[in-house]
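# Structure assessment
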Amino acid sequence: MSGVYLKEQSYGKDQVRLVKVIRTGKWHEIVELTIRVLLEGDFADSYTKADNSLIVATDTMKNTIYILAKQSSNVNRIEIFATEIGQHFISTYSHVSKANVWISKHKWTRMLVNGKFHDHSFLRDGEDTRNTKVVITKKGGPKDVTIEIESGLKDMLVLKTTGSAFYGFLRDKYTTLQETNDRILSTSVDATWTYNISNISLISQIPFDDIFDSIRQITLDTFATHNSSSVQATLYLMAKIALEKFQQLSSIHYELPNKHYFTYDLDRFGLKNTGKDTDIYYPVADPAGLITATIARTKPKL
Ligand SMILES: O=c1[nH]c(=O)c2[nH]c(=O)[nH]c2[nH]1
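Presented here is an overview of the structure given in this document.

What counts, and where the lines are drawn
- Residues numbered from 1 in each chain as written.
- Predicted model: local features only at pLDDT ≥ 70, side-chain atom pairs only at ≥ 80, totals over all residues.
- Heavy atoms only, no water.
- Phe/Tyr/Trp six-rings, centres within 6.5 Å; stacked < 30°, edge-to-face > 60°.
- Helix = DSSP H or I, 4+ residues; strand = E, 2+ residues; numbered from the N terminus.
- Pairing = 2+ DSSP bridges.
- Salt bridge = Lys/Arg side-chain N within 4 Å of Asp/Glu carboxyl O.
- Buried < 20%, exposed > 50% of the residue type's maximum accessible area, 1.4 Å probe, protein only.

With that settled, consider the packing of aromatic side chains. Scanning the entire structure with this criterion turns up 7 aromatic pairs. Their ring planes at 20 degrees and their centres at 6.3 Å tell us that phenylalanine 89 and tyrosine 93 sit as a pair that is stacked. When the centroid spacing of 6.2 Å and the interplanar angle of 40 degrees are considered together, the rings of tryptophan 193 and phenylalanine 212 count as tilted. Here tryptophan 193, found in strand S8 (residues 185-195), pairs with phenylalanine 212, found in helix H4 (residues 208-225); they are 19 residues apart in sequence, far enough to count as distant.

Written as structure tokens, this is what we have:
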């Protein structure tokens with residue numbers, strides 16, 4: 001008897017890149033997505049017995065995504081489109097027990113031309129993406145499912161030139177970092193929030209787009225205006241404001257790299273570049289600090 005077993009498995013198609021142009025007369029919209037679908041279910045024999053009979057080919061999954069994109073009117077609402085994709089796989093194949101669908105939406109911002117929004121020209125004004133992960137799990141029949149939705153933003157690069165300090169930290173024989181009450185603060189924001197959804201039929205009532213726009217703005221506003229004593233304290237404040245505003249969320253997770261900008265030592269050349277005279281810095285890509293936290297809602301008292 002073999003001493004090994006298949007502990008878990010999932011498979012599917014990754015990096016499916018899709019563009020949809022939505023035309024209303026001459027007014028066009030563009031949606032560019034990157035999608036991953038991983039299925040779970042009765043696939044163990046394909047691993048352990050080389051039996052392919054239940055494999056839905058990943059090529060079929062890719063075709064399915066394009067077909068659903070053609071038929072759906074929700075491609076630009078990524079949480080809803082991901083749900084449609086997941087529901088398709090759950091309801092079409094009786095041996096699929098769980099569908100995991102990730103979608104990243106890339107930026108295409110409408111161009112301003114001669115002071116007016118252009119009807120069919122767009123600009124990539126930042127590499128930050130909007131993302132979602134939807135997991136649909138079969139409980140009983142194809143309609144009897146649970147749904148988990150996470151949404152977020154990734155790679156939003158921000159910097160402020162003052163309003164950030166870092167002092168009072170633990171000092172020991174390994175510490176060389178000077179305290180500062182004024183530094184450049186820069187980070188690339190990754191934020192992920194989790195929706196509290198009791199029933200799949202309720203998802204059409206959740207204002208996913210408004211919540212995304214609002215959390216993005218809360219993140220920017222807090223970053224800009226908070227007199228930061230550390231990345232940790234600024235992170236917590238962003239998360240607290242977002243959770244207090246949106247009761248639909250159960251938690252929010254931030255990953256904030258501390259992208260260091262160090263003062264360049266110009267004393268060696270007889271030039272003052274310390275304290276109030278600091279204006280020449282050098283960015284250090286790595287190593288970077290990495291500050292992460294998940295802030296969750298305390299359960300209401302029963
Ligand atoms: O905001 C900060 N948090 C830290 O934990 C840390 N550590 C460090 O070297 N610089 C900083 N800055």
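Alright, that's what it looks like, and here's the rest.
Relative to strand S5 (residues 116-123), strand S4 (residues 109-113) runs antiparallel, the two sharing 4 bridges. Its bridge partner lying in S5, threonine 109 is registered against leucine 123.

Now for the pattern of salt bridges. Under the definition given, this model contains 16 salt bridges. Residue aspartate 59 is joined to lysine 62 by a salt bridge in which the shortest nitrogen-to-oxygen separation is 2.9 Å. Separated by 3 residues within a single helix, aspartate 59 and lysine 62 lie in helix H2 (residues 58-71), roughly one turn from each other. For lysine 62, a relative accessible area of 27% gives the class partly exposed. The residue aspartate 277 makes a salt bridge to lysine 272 at a minimum N-O spacing of 3.5 Å. With relative accessibility at 65%, the residue lysine 272 sits in the exposed group. Through salt bridges with shared partners, a single ionic network connects Lys107, Asp125, Asp128 and Arg216.

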